[in-house]
Amino acid sequence: LSRFKEKINNKIHSHTNEKSIDSSIPDLFNDIDEMEVIPASLDNDKPMEIEEAVKILEASDLMFFVFDDVEGKRRTIYRRKDGNFGIY
């Protein structure tokens, strides 16, 4: 994250006068080093068929859905830009 912050700051400062940017735009990345990753658990109680996961994704506005398939594999189904679905 610190490399991302540095890259953004370098890009901003290379295109404009440094003083005008510092005074007009607040530093959005001041707290980036203090960010915390919070683990979450999946709420799937049972394995599901891929078709069932597709129906859940179609009925929601989510971009992806993580589930355990009937073979016990953790899978991710996602919306593609062309309107279809992809799966990992």
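Computed from a predicted model, the values in this text were never measured in an experiment. (Residues numbered from 1 in each chain as written. Predicted model: local features only at pLDDT ≥ 70, side-chain atom pairs only at ≥ 80, totals over all residues. Heavy atoms only, no water.)

1. Focus on the pairing of strand E1 (residues 64-68)
The side chains of a regular strand alternate between both faces of the sheet.
Okay, so step 1: Residues of E1 alternate between two faces, with Phe65 and Phe67 buried on one and Phe64, Val66 and Asp68 left unburied on the opposite face.
Okay, so step 2: As paired elements, E1 and strand E2 (residues 74-79) share five bridges and run antiparallel to each other. Each residue of the ladder has a partner; that of phenylalanine 64, found in E2, is tyrosine 78.
Okay, so step 3: Linking E1 back to E2 in an antiparallel pair, the connection comprises five residues, with glycine 72 at a positive phi of about 85 degrees. (Buried < 20%, exposed > 50% of the residue type's maximum accessible area, 1.4 Å probe, protein only. Helix = DSSP H or I, 4+ residues; strand = E, 2+ residues; numbered from the N terminus. Pairing = 2+ DSSP bridges.)

2. Considering the nonpolar core
Okay, so step 1: Grouped together as the largest cluster of nonpolar side chains are seven residues: Met48, Ala53, Val54, Leu57, Phe65, Phe67 and Ile77.
Okay, so step 2: Those elements that place two or more of their residues in this core are helix H3 (50-58) and E1.
Okay, so step 3: The element best represented in this core is H3, accounting for three residues. (Core = buried A, V, L, I, M, F, W, Y, C linked by side-chain atoms within 4.5 Å.)

3. Describing the packing of aromatic side chains
Okay, so step 1: This model, assessed by the stated rule, comprises two aromatic pairs.
Okay, so step 2: Geometrically, the ring pair formed by phenylalanine 65 and phenylalanine 67 is stacked, given 6.0 Å between the ring centres and 15 degrees between the ring planes.
Okay, so step 3: Note on phenylalanine 67: relative accessible area 0%, which makes it buried.
Okay, so step 4: Residues tyrosine 78 and tyrosine 88 carry aromatic rings whose centres are separated by 5.4 Å and whose planes lie at 25 degrees to one another, so their mutual orientation is stacked. (Phe/Tyr/Trp six-rings, centres within 6.5 Å; stacked < 30°, edge-to-face > 60°.)

4. Notes on the sheet that holds strand E3 (residues 85-87)
Okay, so step 1: Read from one edge to the other, the open sheet built from three strands follows the order E1-E2-E3, with strand pairing classed as antiparallel. Where the open sheet ends on each side, the last strands, each with one partner, are E1 and E3. On average, each strand axis in the sheet is inclined to that of its neighbour by 20 degrees, with strand direction left out of account.
Okay, so step 2: In terms of strand pairing, E2 meets E3 through three bridges, oriented antiparallel. Within E3, the residue paired with isoleucine 77 across the bridge is isoleucine 87. (Axes fitted to C-alpha atoms, helices over the stretch in contact; angles between N-to-C directions.)

5. Here we look at the pattern of salt bridges
Okay, so step 1: A full pass over the atoms with the stated rule returns five salt bridges.
Okay, so step 2: Close ionic contact of arginine 75 with aspartate 69 constitutes a salt bridge, the shortest N to O distance being 3.1 Å.
Okay, so step 3: The salt bridge partner of glutamate 71 is lysine 73, with a shortest N-O separation of 3.7 Å.
Okay, so step 4: The exposure class of glutamate 71 is exposed, given its relative accessible area of 60%. (Salt bridge = Lys/Arg side-chain N within 4 Å of Asp/Glu carboxyl O.)

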